[in-house]
There are 4 protein chains.
Amino acid sequence: MEINGVTIDNTYAEAFPTWVCRVIITAVTKEWAKKAATEATGFATSAIGCPCEAGIEGDIPASDTPDGRPGVAILICAGKKKLKEQVVERLAECVLTAPTTAVFNGITNAEEKIQVKLHFFGDGHEYQKEVGGRKCWVIPIMQGEYIGEEEFGIVKGVAGGNFFVMGENQMSALIGAQAAVEAIDKVPGTITSFPGGIVASGSKVGSLKYKFMPASTNEKYCPTLREKVPDSKIPAGIKAVYEIVIDGVDEKSVAAAMAAGIRAAVKVPGVKFISAGNFGGTLGPFKMELHKVL
Amino acid sequence: MEINGVTIDNTYAEAFPTWVCRVIITAVTKEWAKKAATEATGFATSAIGCPCEAGIEGDIPASDTPDGRPGVAILICAGKKKLKEQVVERLAECVLTAPTTAVFNGITNAEEKIQVKLHFFGDGHEYQKEVGGRKCWVIPIMQGEYIGEEEFGIVKGVAGGNFFVMGENQMSALIGAQAAVEAIDKVPGTITSFPGGIVASGSKVGSLKYKFMPASTNEKYCPTLREKVPDSKIPAGIKAVYEIVIDGVDEKSVAAAMAAGIRAAVKVPGVKFISAGNFGGTLGPFKMELHKVL
Amino acid sequence: MEINGVTIDNTYAEAFPTWVCRVIITAVTKEWAKKAATEATGFATSAIGCPCEAGIEGDIPASDTPDGRPGVAILICAGKKKLKEQVVERLAECVLTAPTTAVFNGITNAEEKIQVKLHFFGDGHEYQKEVGGRKCWVIPIMQGEYIGEEEFGIVKGVAGGNFFVMGENQMSALIGAQAAVEAIDKVPGTITSFPGGIVASGSKVGSLKYKFMPASTNEKYCPTLREKVPDSKIPAGIKAVYEIVIDGVDEKSVAAAMAAGIRAAVKVPGVKFISAGNFGGTLGPFKMELHKVL
Amino acid sequence: MEINGVTIDNTYAEAFPTWVCRVIITAVTKEWAKKAATEATGFATSAIGCPCEAGIEGDIPASDTPDGRPGVAILICAGKKKLKEQVVERLAECVLTAPTTAVFNGITNAEEKIQVKLHFFGDGHEYQKEVGGRKCWVIPIMQGEYIGEEEFGIVKGVAGGNFFVMGENQMSALIGAQAAVEAIDKVPGTITSFPGGIVASGSKVGSLKYKFMPASTNEKYCPTLREKVPDSKIPAGIKAVYEIVIDGVDEKSVAAAMAAGIRAAVKVPGVKFISAGNFGGTLGPFKMELHKVL
């Protein structure tokens, strides 16, 4: 299969279940909501070494937020127990501390909920108040008052949706990957948790040489090892590969993000080949075929 | 004491020792160095609930980095053992994974050093190479090759330098705090680890009501509680307080940052009073008097 | 009338007809489209001293542009003859020169059209090509090829829609104005052409003292002159006024932008009063009453 | 000559004299100074079709500005008469109108000066005041008061310093050019006036085919015409060329900017060749040899 002259590999991305919480952060301006959201979703690229995976889902215009202020939606993804702990810590340390912010539940119709009891910070001075139909706690703080919901819906989502952008050289592949991430930014229900949304050093599980490593470089996809390792997956003429990893609230959203990202990447001159990562289908329950999602 | 008509309280900031590591992150453009640095220093506002405190110290022009590419310096602050763990994890998950990045030791003359052995990720394909006089490891990855130093100097620095920006209303105090952070951004050796560099909800140690809380709202500095709590520290006419918290490589840098920040804040219309936070001098070894640092 | 405790003056904005051209600028990434759009809409705040009024209307996702790349829509507003001249110059100097850009007609169903013949720049090497159903010219240039449409629809729109954000001090009014502009950014068919979308120094026609001045400070709305000029329009307690000026493709869009902006501004603490500017209805054919648009 | 494996052509950039004015714009935060500066330097890429050439020279920290607030320095370049007109219009329409800005003379020791009498806007309510040792006018406006100097030094500078970044494909050349511009941003006394600092469509004087065109595509440097025009200057394997054009306050600054830019560009993978543009030395009095400036 080809789009815009770029070959789309006949393969699939293998993805895994994860629990997902969406938090709506509002602030006096979009800029301040964005600053809080950026801090709250930092150090959260991969569950391998970070305490969770997290990212900014998108802006929410003032007209659509519970308190009528500009908002940013973030997704936080982890196992169920870790998820609650991380939502508590990240809201307590990175949003309650941020200027003018408020937080609201971003999945109101979820069957499962977690409690994020920030109001104890008020040391007895806190009180309850309804804002935009939401039951909130008001906590007196130095800047005045903090307002926020404390019950957040969580859903079973999908982590590890992915595709590879391969280019005739590094800058082509990089800008192809950047264009892909920009397109995915517009797809509701999804995030790309890595820096700038892009993975430069995709990994395999474990290590052939260092038994203590939980993950190591995916040598079959390393262009400089093309002639040195058996079974290299690097097509002729490819000098760089970037992986886009997508987490989302459901399989459909992740598939839509993969499609939008691939369609954007193939528009960039020098992008030559699109593939995806899987483990032969033995691990993840979701198999997202590139030819099908497009 | 008054500057620009704003009262500077006759008090001091109480600060604590911390271990500090500086990492220089370079990339193909400043933008990509910044993206990696932002991810690597996220979820790192306060040692109370985050695994470390971290932030961007400043840009380094291409002409001054070991590999001649644009750079960003970050500081990571924690106890010694935690520091090594956090530098390893944050470089492995947020910088090695980021497009086109390299990392270099930012304190070459430090007496103490930590080892950050990312090269095992290469699974045996890694090799050593000198770049700009630095002994680096080269790791084959999907994008091509990653290059980085693995030995980083650490020094005993200062955490918790601070001052309070008090305003006649919230927006004045907020922009005063923002101007302060912008000025501190130019002071070498320092970071402001909170979102946008500003703390909206400064805390006291422990809680009067909830014994399980390690920290709670500092009710004496809450404007809305001015008439409700004894010994309120809120001057008449003050409606909002923001705290600027500064970590740095030494006391002198932190003092310079406090001075630069205060001088900038008092220029903002509506900023009325500057103070600082301390615990009566019983806890931290550093007492940074506002009148002296200015 | 009050919203969120803020008084909305019972008055109207007086607006004027203008000709409007919408240009869609696409590029390899949103960032490059934005850079070209920013340059092309610079020095274009007010028709009084600038050759036209112009601004960024909004992003267009890659999925919705003729060439499937990320896009930015800009509006350029002026009298009919001046409009053609300005579209030609701004596209020739600020978009054709910008990396990776293409331009497309943003009002395909307009009855009137202007011709923007950039293809002569090709010096005979140019040729025609269809892109996304649009008849384009391809011009060989140093970066490779430039592609763009050369026929642009223009419509009779509305210039000078406006409202005033008044605050208890300057920072409140400023952030109120900023929040208003952010909300207007989401309203299709409109721009705010001043720096950051905000006017700090709204004017009256002519000058009482200096006959050679086409416009001068609107002393009735100057807070520092409240006690010095007769008939000051500054309510008690107001210390700063910012004007938001809106141009748009039609009256309905401008009214929607005024409503969205006002609703956002009144959420900002310290904003106290909203009014609007008019000349007693003697000049502009459009009278946009604040109470009606809301 | 080679740097980092990239050939540096043995040629020179031909540059021309221009008059230059530096204006320091300060504001309550760097962000607002930047917004005013961006608007004031827009539509100012090339003197061929724009009323002047202009750009942002760099940030000035609060500690170094006359009023102790964060600042941005801009350069405006044109013939002497046009320069005065453009400085007046751009300050009046894009800076006086912008929130919280002040302006100061950026070349205090210049022999020649221009008068920029914005104070007539005050309609008689204006008055004089000293700020940071500068004689300023204060104009009552809606936001409160505007403050600014009205005498600006101008010097004979250099326009059209340039070099070409040539790449094995478009994305390599583009990121090479971007890295060059980032490096030039740090060189005092210089600007790059094109969008993002980069020219995608460098031109020759006049046109071979269309006599009414003052400039047209430089076909000798068009990669797609390499086999079609005689005397193509495109080396084998080059697929894209971007030109960096530099204006500055003197020849030395422009030479320093050229050197910094070239050294940064050659670090980007896929950049293969650096050259420069001249007209055989018949037109411009400045001949800046690449091998000499480096």
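Residues numbered from 1 in each chain as written. Chains lettered and ligands numbered in written order. Predicted model: local features only at pLDDT ≥ 70, side-chain atom pairs only at ≥ 80, totals over all residues.

A.B. asks: When you look at the overall build of chain A in this model, what are you seeing that I'm missing?
C.D. replies: Scanning chain A from terminus to terminus reveals 5 helices and 17 strands. Relative to its length of 294 residues, chain A is compact, with a C-alpha radius of gyration of 21 Å against a globular reference of 19 Å. By its C-alpha atoms, chain A is 65 × 40 × 30 Å across when sized along the principal axes. A total of 294 residues make up chain A; the buried ones form 65% of that total. Long-range contacts, defined here as pairs at least 24 residues apart, represent 72% of the contacts in chain A between residues at least 6 apart. (Helix = DSSP H or I, 4+ residues; strand = E, 2+ residues; numbered from the N terminus. Rg over C-alpha atoms; globule rule 2.2 N^0.38 Å. Buried ≥ 20, exposed ≤ 12 C-beta atoms within 10 Å, placed from the backbone. Contact = placed C-beta atoms within 7 Å.)

A.B. asks: I'm lost on the interface of chain A and chain B in this one. Help?
C.D. replies: The parts lose accessible area when they come together, and the size of an interface is often stated as this lost area. Taken together, the contact between chain A and chain B spans 66 residues of the former and 66 residues of the latter. Elements that contribute at least two residues to the side of chain A that touches chain B include exactly α1 (30-40), α2 (80-94), β9 (134-141), β10 (144-148), α3 (170-185), β14 (215-217) and β15 (240-248) of chain A. Residues of the side of chain A that touches chain B, tallied by class, amount to 33 nonpolar, 22 polar and 11 charged. (Nonpolar A, V, L, I, M, F, W, Y, C, P; charged D, E, K, R; others polar.)

A.B. asks: Where do I start with the packing of α3 of chain A against helix α3 (residues 170-185) of chain D in this structure?
C.D. replies: Describing two packed helices takes the angle between their axes plus the distance from one axis to the other. For the pair α3 of chain A and α3 of chain D, the least separation of the axes is 7 Å and the interaxial angle reads 85 degrees. Judged on the interaxial angle alone, α3 of chain D and α3 of chain A are roughly perpendicular. Contacts between α3 of chain A and α3 of chain D involve Met171, Ser172 and Ile175 of chain A from the former and Met171, Ser172 and Ile175 of chain D from the latter. Of the residues assigned to the contact of α3 of chain A with α3 of chain D, the class counts are 4 nonpolar, 2 polar and no charged. (Axes fitted to C-alpha atoms, helices over the stretch in contact; angles between N-to-C directions. Parallel < 35°, antiparallel > 145°, perpendicular 65-115°, else oblique.)

A.B. asks: Help me out: how do you make sense of the domain arrangement of chain A in this one?
C.D. replies: All names here are of chain A. Partitioning chain A into domains gives domain 1 (2-14 + 158-293) and domain 2 (19-155). Distance from the C-alpha centre of domain 1 to the C-alpha centre of domain 2: 30 Å. Taken together, the 13 residues of domain 1 in the interface contact 13 residues of domain 2. (Domains from an automatic or database assignment.)

A.B. asks: When you look at the interface of chain C and chain B in this model, what are you seeing that I'm missing?
C.D. replies: If you look at the interface, chain C gives 9 residues, while chain B gives 9 residues. When grouped by side-chain class, the residues that make up the side of chain C that touches chain B number 4 nonpolar, 4 polar and 1 charged.

A.B. asks: When you look at α1 of chain A in this model, what are you seeing that I'm missing?
C.D. replies: Two residues of an α-helix separated by three or four positions point the same way, owing to the 3.6 residues in each turn. Along α1 of chain A, 9 of the 11 residues are buried, which leaves the element largely enclosed by surrounding structure. Among the residues of α1 of chain A, Lys30, Trp32, Ala33, Lys35, Ala36, Ala37, Thr38, Glu39 and Ala40 of chain A are the ones counted as buried. In this structure, the buried residues of α1 of chain A make contact with β3 (12-26), β4 (53-60), β5 (71-78) and α2 of chain A, α1 (30-40) of chain B together with α3 (170-185) of chain C.

A.B. asks: Explanation requested: the confidence of the model for chain A in the structure shown.
C.D. replies: Caution applies to low-pLDDT regions: their predicted coordinates should not be interpreted in detail. Looking at chain A as a whole, its pLDDT mean stands at 97, while 100% of the residues score no less than 70. Here the prediction assigns the complex a pTM of 0.97, and the interface score ipTM is 0.96. (pLDDT = per-residue confidence, 0-100.)

A.B. asks: I would appreciate a short explanation of the relation of the copies chain C and chain B in the present structure.
C.D. replies: Related by rotation about an axis and a shift along that axis, the two copies of the chain form a pair. The two copies are related by a screw motion: chain C maps onto chain B through a turn of 180 degrees and a shift of 0.0 Å along the axis, at an RMSD of 0.0 Å. Each copy turns onto its partner about a two-fold axis. Relative to the rotation axis, the C-alpha of methionine 171 of chain C is the closest in chain C, positioned 2.8 Å from it. (Least-squares fit on C-alpha atoms with pLDDT ≥ 70 in both.)

A.B. asks: Is there a simple way to think about the nonpolar core in this case?
C.D. replies: In globular proteins that are soluble, nonpolar side chains generally tend to be buried together. Judged by nonpolar contacts, the single largest core of 433 residues is most densely connected at Tyr242 of chain A, Tyr242 of chain B, Tyr242 of chain C together with Tyr242 of chain D. If we ignore the near neighbours within four places in the chain, the residues touching tyrosine 242 of chain D are Pro99, Met142 and Gln143 of chain C together with Val165, Ala173, Leu174, Ala177, Ile198, Val199 and Ala200 of chain D. (Core = buried A, V, L, I, M, F, W, Y, C linked by C-beta atoms within 7 Å.)

A.B. asks: Explain unusual backbone geometry here, please?
C.D. replies: Most peptide bonds are trans, and most residues other than glycine sit at a negative phi. Residues and elements named next belong to chain D. Look at threonine 100: it is not a glycine, yet its phi comes out positive at around 65 degrees. Secondary-structure assignment places threonine 100 in the loop between α2 (80-94) and β6 (102-105). Its 24 C-beta neighbours within 10 Å are what place threonine 100 among the buried residues. Not every positive phi belongs to a glycine, and aspartate 231 is a case in point at roughly 60 degrees. With respect to the element layout, aspartate 231 can be found in the loop between β14 (215-217) and β15 (240-248).

A.B. asks: So what exactly am I meant to see when it comes to the pairing of strand β15 (residues 240-248) of chain C here?
C.D. replies: The side chains of a regular strand alternate between both faces of the sheet. All names here are of chain C. Of all 9 residues in β15, 9 are buried; the element is thus mostly enclosed. Burial of the side chains of β15 extends over both faces: Ala240, Tyr242, Ile244, Ile246 and Gly248 are buried on one face and Val241, Glu243, Val245 and Asp247 on the other. Here 8 bridges tie strand β11 (residues 151-167) to β15, and the two strands are oriented antiparallel to one another. The residue of β15 that forms the bridge with valine 158 is glycine 248. In the sheet, strand β12 (residues 190-191) pairs with β15 via 2 bridges, with the strands oriented antiparallel. Paired with isoleucine 191 across the strands is aspartate 247, a residue of β15. (Pairing = 2+ DSSP bridges.)

A.B. asks: Help me understand the packing of helix α3 (residues 170-185) of chain B against helix α4 (residues 251-265) of chain B, please; the structure alone is not making it clear to me.
C.D. replies: Residues and elements named next belong to chain B. With their axes 7 Å apart at the nearest point, α3 and α4 run at an angle of 140 degrees to one another. The angle between α3 and α4 falls in the class oblique. Where α3 crosses over α4, the two elements pack in a sense that is right-handed. Mapping the contact onto sequence places Gly176, Ala177, Ala179, Ala180, Glu182, Ala183 and Ile184 in α3 and Ala257, Ala260, Gly261, Ile262, Arg263, Ala264 and Ala265 in α4. (Left-handed = near helix turned anticlockwise from the far one by under 90°.)

A.B. asks: How do you make sense of the environment of valine 103 of chain B when you look at a structure like this?
C.D. replies: All names here are of chain B. Topologically, valine 103 is positioned in strand β6 (residues 102-105). Note: C-alpha distance between valine 103 and isoleucine 25 (78 residues apart in sequence) is 4.6 Å. Once residues within four sequence positions are removed from consideration, valine 103 is found in contact with Val23, Ile24, Ile25, Leu91, Val95, Gly148 and Glu149.

A.B. asks: In this structure, what is going on with the environment of alanine 15 of chain C? I would like to understand it.
C.D. replies: Residues and elements named next belong to chain C. Mapping alanine 15 onto the fold places it in strand β3 (residues 12-26). By the C-beta count within 10 Å, which is 29 here, alanine 15 ends up buried. The spacing of alanine 15 and glycine 281 is 266 residues in sequence and 9.2 Å in space, taken between C-alpha atoms. For alanine 15, the residues in contact, after removing those within four places along its chain, are Val158, Ala159, Gly160, Gly161, Val254, Gly284, Phe286 and Met288.

A.B. asks: Any chance you could explain the environment of lysine 84 of chain A here in plain terms?
C.D. replies: Relative to the assigned elements, lysine 84 of chain A resides in helix α2. A count of 20 C-beta atoms within 10 Å places lysine 84 of chain A in the buried class.

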